[in-house]
Amino acid sequence: MVAPSLRLPDLDQLNAEALKALVRQTHEQLLAEHQQLQTREAEIQHLKLLILKLQRMQFGRKSEKITRQIEQLELQLEELQTQRGESSQPAEIPVRPATPVTSAKKPVRRPLPEHLPRQTKQHDPRHRACPQCGGELHRVGEDVSEMLEYVPAQFVVIRHVRPKFSCRSCEQMVQAEAPSRPIARGLAGPGLLAHVVVSKYADHLPLYRQSDIYARVGVELERSTLADWVGGVCYALGPLVEALRQYVMAAGKLHADDTPVPVLAPGLGKTKTGRLWTYVRDDRAAGDKAAPAVWFAYSPDRKGEHPQQHLSKFRGDLQADAYAGFNPLYEKGDIREVGCWAHVRRKFYDLHAAHASPIATEAIERIRQLYEIEGEIRGRPPDVRRQVRQARARPLLAALQDWLQAVLNKLSKKSDTAAAVKYALGLWPVLVRYCDDGRLEIDNNAAERALRAVAVGRKNYLFAGSDTGGERAAAIYSLLGSAKLNDLDPEAYLRQVLERIADHPINRITELLPWNLGKATEQPSPTE
């Protein structure tokens, strides 16, 4: 049965005015229903976007389940590759197939690294004379093949012997001074200390796991002992980290970002969320020869007072996200805000991945054209970069701004697509600022790259046991991250620093910064 409100009146009985009123009423009802449908569609798309973002996050039970599924798939892939390796081994009696067999495509074998030490094993023939006629054999050449081998790490004990000498005339005793140690009265040498620290912070092996690994080779090192060593190393490296901070803050342009880190809260053993801030000095993309460096800082929360204190003496351009805590720094005029197109692109990418939005797809394509220009001018001088951007990127940006504004006028104000468009338009002056200065970058990826190592460790274990532990971690990340930026092996670099720092003059501490100490390509044995 049709509801009374939906029954169509007898049109033949209505006059002109009544018909007009009916049309207006019907039109209003259609508009209301259309708006309601748009609202529901926007809510559906918003929920899909939230689901996608949650799936990409690395916290909670769901992420643990996804991680387990990924690990299972990796094990399956590993098993398939192992089976392929077994099937590729020659049988006891090799048989040549009558017809060619198409085998699975294998990765191209790369040459073994030249810097690895070589041990030569010569295989001479069993016969000293010709097995055919007994004649004398003369060497006419050789065949050389290489095999990659692994020698397990081993502990050694370094005995420091200081002979005592006595003068027979005056009985004066003469003896060499005891060599300095990285940690006063410490048992560990520089190489072992560097290995423990790098394993914890760069390879993300907690100290209790390291203790188990060392026990397997017969060396009992309690976790408390390893923790004391880490604390002693951090104390010894304090002046060097401060010199690194001063170098970073002396730049005319910085990249800044932050990431949450789980920290053990005092009391009941629950975790809280601390914050790790990163500040990167890296102008190599603009042809600058100054050494790149990164400085990390820890804070127990994300209050704006922390970056404001970190950057209190900085003057220049700050490339960062739209975090409100930076705003007071911009208001003073000493620091100029520079936007990040990677953040803009990420918002449209999430929309595209969630429901293949045509608007998001178009936005991503337009932003891609901007990055294509950047790829062509990377490493060029600032004046050249500015000229190219003005000639090629500026017109694209102007067209993109007009397109975004036109798109926004057609979107529902509550939709996620409208939110992404408003984000870009709201930051437009700082997003296009890079076109006017060749020293600036199109995005803040330099800071995000610096935080990747932290993200890996954050997933593997609790970041720090206290706020003080967070500060220690920030100090070590600063040195290891700067070593990587300068193409140094972090462990070899840290070992060299610990070999020198106890006797190094404090007023020349900058000599131990990564780019001044030089590449540690050769790793001398502890006895050298």
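Since this is a predicted model, take the numbers as computed values, not measurements. (Residues numbered from 1 in each chain as written. Predicted model: local features only at pLDDT ≥ 70, side-chain atom pairs only at ≥ 80, totals over all residues. Heavy atoms only, no water.)

Quick look at the overall build of the protein
Within the protein one finds 17 helices and seven strands. Residue pairs at least 24 apart in sequence account for 64% of intrachain contacts in the protein once pairs closer than 6 positions are excluded. Accessible surface, the protein: about 35000 Å² in total, of which carbon and sulfur atoms supply 52%. (Helix = DSSP H or I, 4+ residues; strand = E, 2+ residues; numbered from the N terminus. Contact = heavy atoms within 4.5 Å. Areas by Shrake-Rupley, 256 points an atom, 1.4 Å probe, with all protein chains shown as cover.)

Quick notes on the pairing of strand E5 (residues 293-299)
Taking burial as the measure, the seven residues of E5 include seven buried ones, the bulk of the element. As paired strands, strand E4 (residues 271-281) and E5 are joined by seven bridges and run antiparallel to one another. Bridging from a neighbouring strand, threonine 278 pairs with phenylalanine 296 of E5. (Buried < 20%, exposed > 50% of the residue type's maximum accessible area, 1.4 Å probe, protein only. Pairing = 2+ DSSP bridges.)

A word on the pattern of salt bridges
Here the structure, examined in full by the defined rule, presents 23 salt bridges. A salt bridge links glutamate 376 to arginine 392, with the nearest nitrogen and oxygen atoms 2.7 Å apart. Of this pair, glutamate 376 sits in helix H9 (residues 358-377) while arginine 392 sits in helix H10 (residues 382-410); the two residues are 16 residues apart in sequence, bridging distant segments of the chain. In this structure, glutamate 499 and arginine 500 form a salt bridge, with 3.8 Å as the shortest nitrogen-oxygen distance. Residue glutamate 499 is classed as partly exposed on the basis of its relative accessible area, which comes to 43%. In this structure, a network of salt bridges that share partners links the residues Asp317, Arg336, Asp437 and Arg439. (Salt bridge = Lys/Arg side-chain N within 4 Å of Asp/Glu carboxyl O.)

Examining the confidence of the model for the protein
Segments scoring low in pLDDT should not have their predicted coordinates read at a detailed level. In this model, the protein carries a mean pLDDT of 82, and residues with pLDDT of at least 70 account for 81%. The weakest mean pLDDT in the protein belongs to helix H2 (residues 60-87) at 47; the strongest belongs to helix H12 (residues 428-431) at 96. Counting interchain partners and residues more than four positions distant, the pLDDT-below-50 stretch residues 58-63 has five contacts. A low-confidence stretch, residues 68-77 (pLDDT under 50), is modelled with zero contacts involving residues beyond four sequence positions or located in other chains. (pLDDT = per-residue confidence, 0-100.)

Considering the sheet that holds strand E6 (residues 316-319)
One open sheet accounts for five strands, arranged E5-E4-E3-E6-E7; its pairing is mixed. Taken across any chain shown, the strands that pair with only one partner, and hence form the sheet edges, are E5 and strand E7 (335-338). Between one strand axis and the next, the sheet turns through 30 degrees on average, direction left out of account. Against the sheet, helix H5 (residues 223-249) engages strand E3 (253-264), E4 and E5, with an angle of about 110 degrees to E5. (Axes fitted to C-alpha atoms, helices over the stretch in contact; angles between N-to-C directions.)

Some points on the environment of glycine 287
Residue placement: glycine 287 occurs in the loop between E4 and E5. Sequence-distant contacts of glycine 287, defined by excluding residues within four places in its chain, comprise Gly379 and Arg380.

Considerations on unusual backbone geometry
Positive phi, close to 65 degrees, is recorded for glutamate 171, a residue that is not glycine. Tracing the backbone through its elements, the reader meets glutamate 171 in the loop between strand E1 (164-166) and strand E2 (173-175). Judged by its relative accessible area of 64%, glutamate 171 is exposed. Phi at alanine 356 is positive, roughly 45 degrees, even though this residue is not glycine. With relative accessibility at 48%, the residue alanine 356 sits in the partly exposed group.

Quick notes on the side chain of glutamate 441
Here glutamate 441 shows up in the loop between H12 and helix H13 (445-450). The class of glutamate 441 is buried, set by a relative accessible area of 14%. Engagement of the side chain of glutamate 441 in a polar contact is seen with the side chain of arginine 385, the distance being 2.8 Å. (Polar contact = N/O pair within 3.5 Å; in protein donor to acceptor, adjacent residues only side chain to side chain.)

Structural notes on H9
The terminal C-alpha atoms of H9 lie 30 Å apart, and with 20 residues this matches the ideal 28 Å at 1.5 Å per residue to within 8%. Among the residues of H9, those classed as buried are Ala360, Ala363, Ile364, Ile367, Leu370, Ile373, Glu374 and Ile377. Count one or two residues on from H9 and you reach glycine 379, which has phi positive near 90 degrees. (Expected span 1.5 Å × (residues − 1).)

A few points about the nonpolar core
Counting residues in each nonpolar core, the largest one holds 72 residues, and the members touching the most others are Leu237, Leu240, Leu311, Leu318 and Phe326. For this core, the element with the highest residue contribution is H5, accounting for 13 residues. Those residues in contact with leucine 237, other than ones at most four positions away along the chain, are Ile476, Leu479, Leu494, Val497, Leu498 and Ile501. Core analysis: the second largest hydrophobic core is formed by 34 residues, Ala360, Ala393, Val421 and Val432 among them. (Core = buried A, V, L, I, M, F, W, Y, C linked by side-chain atoms within 4.5 Å.)

Details of the side chain of aspartate 258
The topology assignment puts aspartate 258 in strand E3. Within the structure, aspartate 258 has its side chain in polar contact with the side chain of arginine 302 (distance 2.9 Å). Sequence-distant contacts of aspartate 258, that is, excluding residues within four places in its chain, are made with Arg275, Leu276, Trp277, Arg302 and Leu451.

A few points about the packing of aromatic side chains
Inspection of every chain in the model, using the stated rule, returns eight aromatic pairs. Seen in terms of ring centroids, tyrosine 201 and tyrosine 477 are 5.9 Å apart; in terms of plane orientation they differ by 75 degrees. Their pairing is edge-to-face. Of this pair, tyrosine 201 sits in helix H3 (residues 190-201) while tyrosine 477 sits in helix H15 (residues 467-485), placing them 276 residues apart in sequence. Of the two residues, tyrosine 201 and tyrosine 477, both sit in the buried class. Between tyrosine 323 and phenylalanine 326, the aromatic rings sit 5.4 Å apart at their centres with planes inclined by 85 degrees, giving edge-to-face as the arrangement. Over the aromatic face of tyrosine 323 sits the side chain of arginine 302, whose NZ or CZ is 4.1 Å from the ring centroid. Sitting over the face of the ring of tyrosine 423, lysine 347 holds its NZ or CZ atom 4.7 Å from the ring centroid. (Phe/Tyr/Trp six-rings, centres within 6.5 Å; stacked < 30°, edge-to-face > 60°. Lys NZ or Arg CZ within 6 Å of the ring centre and 35° of its normal.)

Observations regarding the packing of H5 against H15
It is at 9 Å that the axes of H5 and H15 come closest, and there the two elements cross at 60 degrees. Looking at the two axes, H5 sits oblique to H15. Note on packing geometry: the crossing formed by H5 with H15 is left-handed. Contacts between H5 and H15 involve Gly231, Cys234, Leu237, Leu240, Val241 and Leu244 from the first element and Arg472, Ala475, Ile476, Ser478, Leu479 and Ser482 from the second. (Parallel < 35°, antiparallel > 145°, perpendicular 65-115°, else oblique. Left-handed = near helix turned anticlockwise from the far one by under 90°.)

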